[in-house]
Amino acid sequence: MVEGARLESEYTPKAYRGFESLPLRQPCVASAPQFRIQGFHTLVTKVAQLRARTSGRDELMAAIAAETGAVGGATAAAQLRAATPLAQVRLLLAEDDPAMVELLRWTFEKQGFEVVHTPSGEEALLLAVERGPDVIVLDWMLEELSGIEVCRRLRRDPETAAIPVIMLTARGEEADRIRGLETGADDYMTKPFSPPELVARIRAVLRRVRPALAGMVLSFGDLELDMAAHKVKRGGQAVALGPTEFKLLRHLLENQGHVFSRERLLDAVWGRDSEIEIRTVDVYVRRLRKAINASGRRDLIRTVRAAGYALDHKD
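Here the structure is a predicted model, which is why all the values come from computation and not from measurement. (Residues numbered from 1 in each chain as written. Predicted model: local features only at pLDDT ≥ 70, side-chain atom pairs only at ≥ 80, totals over all residues. Heavy atoms only, no water.)

The next point concerns the overall build of the chain. When its secondary structure is counted, the chain shows 13 helices and 11 strands. Taken across its 315 residues, the chain has 48% of its residues classed as buried. Contacts in the chain between residues at least 24 apart in sequence constitute 60% of all its contacts with a sequence separation of at least 6. With the model as given, the accessible surface of the chain reaches about 15,200 Å², and the carbon-plus-sulfur share is 49%. (Helix = DSSP H or I, 4+ residues; strand = E, 2+ residues; numbered from the N terminus. Buried < 20%, exposed > 50% of the residue type's maximum accessible area, 1.4 Å probe, protein only. Contact = heavy atoms within 4.5 Å. Areas by Shrake-Rupley, 256 points an atom, 1.4 Å probe, with all protein chains shown as cover.)

This is how it looks when you write it as C-alpha cells:
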C-alpha cells in the first residue's frame, strides 16, 4: 500500500469513512453545500495526515492554516480571518476524533477563543463545572458517556444549566436532530460542516444567551468593562485594575444582582484547584471596591451578611 493511501485510510476519522472516493485535492468553491461535502472531508483527512507528519503543535497549526486556504478556498479562509473577534470566550470542546479536534481548535483559536478539550463525556461534565465555559461544542459519540446524556445532565445541574450547548455530530437524521434539541442543545450541526458557519452559529447563540460577550462591553450604571481592550471606566474615567480584580469584576458584571458566596467566587475567579485561602476573596473585593469607588463614588458592590457579595444597587 502506498504511504499516502495508508495515511488516508488509517487517519480518516470514523464518521467520514465512506467519503474516500473524493479526491484528496479536489477543488471546492466556498459555498456552504460544496464546502461541507467535499472540502470538509478533504480538510479533515489532510489534518489527520499533518498530525502524523508534523513534530510540534505550532508547526501543525501553521500547516492547518495553509490547508484551510488550499482546500476550503480563499473565501472560506477569509471568512474565518475577517470575523470580528468576540470578547475572550471560554469554549469547552468535547470531541473524540483527534483530527477533528485539531481543525476545530485552530478554527476557534483563530477567533480568540480560549479552548479546553476532552474526548470524554464524563470529563466534559467535570470541566463544565470546574471551568465554567461560555459555550460547549459537544459531539454525540463520546468516550464513556454519550453527548446526548452529557447534554441531559448539564441541563439538570443548576451550575451548568444555563451554559449554551451546540451539538456537532455525524447523526443527521431528523429524529436525531429533534432529540438533540429537545434534550437541551441550543443548536445542532451535522458533519460535514463549514467551520465559518460553526463560528457564526456560536456567535448567534452567544448573542442570545450572553449578549455581553458578543458586545464586548459589560456595563452597570456608569461602570464599563471593555473585554476586548481589557479596560475599565467609571463615569468615563479610566480605572486601574490588576488581572485578578479584572476577572472578579467581569464575573460580577456577567451576573449582576446574583449573590455569590466566597467559595463560589473563589472557584469562578481562581479555579477549583486553587490553594488560595477563602478570606483572600475579601481582600480582593476590598481592592476592587477601592478602585471603582474612588473619589467618593457610590459603592456598587453589596455585601450580603452570611451569604457573600453581589453587584447591584443598594437599597
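Bringing the sheet that holds strand β5 (residues 187-190) into the picture now. Spatially, β2-β1-β3-β4-β5 is the arrangement adopted by the 5 strands of the open sheet, whose pairing is parallel. Edge positions in the sheet fall to β2 (114-118) and β5, since each of these pairs with one other strand and no more. Direction aside, the axes of adjacent strands within the sheet are offset by 20° on average. Pairing of strand β3 (residues 135-138) with strand β4 (residues 165-169) involves 3 bridges; the strand directions are parallel. Opposite Leu 138, over in β4, you have Met 167 as the bridge partner. Sitting on the sheet, helix α5 (residues 98-110) is in contact with β1 (90-94), β2, β3 and β4, with an inclination near 165° to β2. (Pairing = 2+ DSSP bridges. Axes fitted to C-alpha atoms, helices over the stretch in contact; angles between N-to-C directions.)

Another point: the packing of aromatic side chains. Evaluation of the coordinates by the stated rule reveals 2 aromatic pairs. Taking 5.9 Å as the distance between ring centres and 20° as the angle between the ring planes, the aromatic pair formed by Phe 108 and Phe 113 counts as stacked. Owing to a relative accessible area of 0%, Phe 108 belongs among the buried residues under this scheme. Taking the centre distance of 5.4 Å and the plane angle of 65° together, the rings of Trp 270 and Tyr 284 count as edge-to-face. (Phe/Tyr/Trp six-rings, centres within 6.5 Å; stacked < 30°, edge-to-face > 60°.)

Moving on, we come to unusual backbone geometry. The linkage connecting Lys 191 with the following residue, Pro 192, adopts the cis geometry, with an omega of 0°. Locating Pro 192 in the fold gives a position in the loop between β5 and α9 (195-209). Despite not being glycine, Glu 144 has its phi angle at roughly 70°, a positive value. Topologically, Glu 144 is positioned in the loop between β3 and α7 (147-156). Positive phi values are uncommon outside glycine, yet Ala 306 reaches one of about 65°.

We now examine the environment of Met 227. The residue Met 227 is located in the loop between β7 (223-226) and β8 (231-234) in this model. Distance in space between the C-alpha atoms of Met 227 and Val 217 is 5.9 Å, their sequence separation being 10 residues.

This brings us to the pattern of salt bridges. Enumeration according to the criterion identifies 19 salt bridges in this entry. In this structure, Arg 90 engages Asp 134 in a salt bridge whose closest nitrogen and oxygen atoms are separated by 3.1 Å. Of this pair, Arg 90 sits in strand β1 while Asp 134 sits in the loop between α6 (121-131) and β3, and the two are 44 residues apart along the sequence. With relative accessibility at 0%, the residue Asp 134 sits in the buried group. Look at the salt bridges and you will find they share partners, linking Arg 90, Asp 134, Arg 250 and Glu 254 into a network. (Salt bridge = Lys/Arg side-chain N within 4 Å of Asp/Glu carboxyl O.)

This part is about the sheet that holds strand β6 (residues 217-220). Pairing is antiparallel in the open sheet, where 4 strands are placed in the order β6-β7-β8-β9. Because the sheet does not close on itself, it has two edges, and the strands there are β6 and β9 (237-239). Neighbour-to-neighbour, the strand axes of this sheet turn through a mean angle of 25°, independent of strand direction. Where β6 and β7 come together, 4 bridges link them in antiparallel fashion. Bridging across to β7, Val 217 finds its partner in Asp 226. Helix-sheet contacts for helix α11 (residues 243-254) involve β6, β7 and β8, and the interaxial angle to β7 is about 115°.

In this model, the largest pocket occupies a volume close to 1,200 Å³. In this structure, the largest pocket is lined by 42 residues; those nearest its centre are Arg 90, Arg 131, Gly 132, His 251 and Ala 268. Broken down by secondary-structure element, the contributors of at least two residues to the lining of the largest pocket are β1, β2, α6, α11 and α12 (262-270). Here the element with the most residues in the lining of the largest pocket is α11; it accounts for 6 residues. Its residues assigned to classes, the lining of the largest pocket comprises 20 nonpolar, 8 polar and 14 charged. (1 Å grid on protein atoms, 1.4 Å probe; cavity = no way out; pocket = protein on both sides within 12 Å on 5 of 7 lines; lining within 4 Å. Points joined across faces, edges and corners; volume = space filled by probe spheres on them. Nonpolar A, V, L, I, M, F, W, Y, C, P; charged D, E, K, R; others polar.)

This part takes up the packing of α7 against helix α8 (residues 174-183). At a closest axis distance of 9 Å, the pairing of α7 and α8 adopts a crossing angle of 25°. The angle between α7 and α8 falls in the class roughly parallel. Contacts between α7 and α8 pair Ile 148, Cys 151, Arg 152 and Arg 155 from the former with Arg 179, Gly 180 and Thr 183 from the latter. Residue composition of the contact of α7 with α8, by class: 2 nonpolar, 2 polar and 3 charged. (Parallel < 35°, antiparallel > 145°, perpendicular 65-115°, else oblique.)

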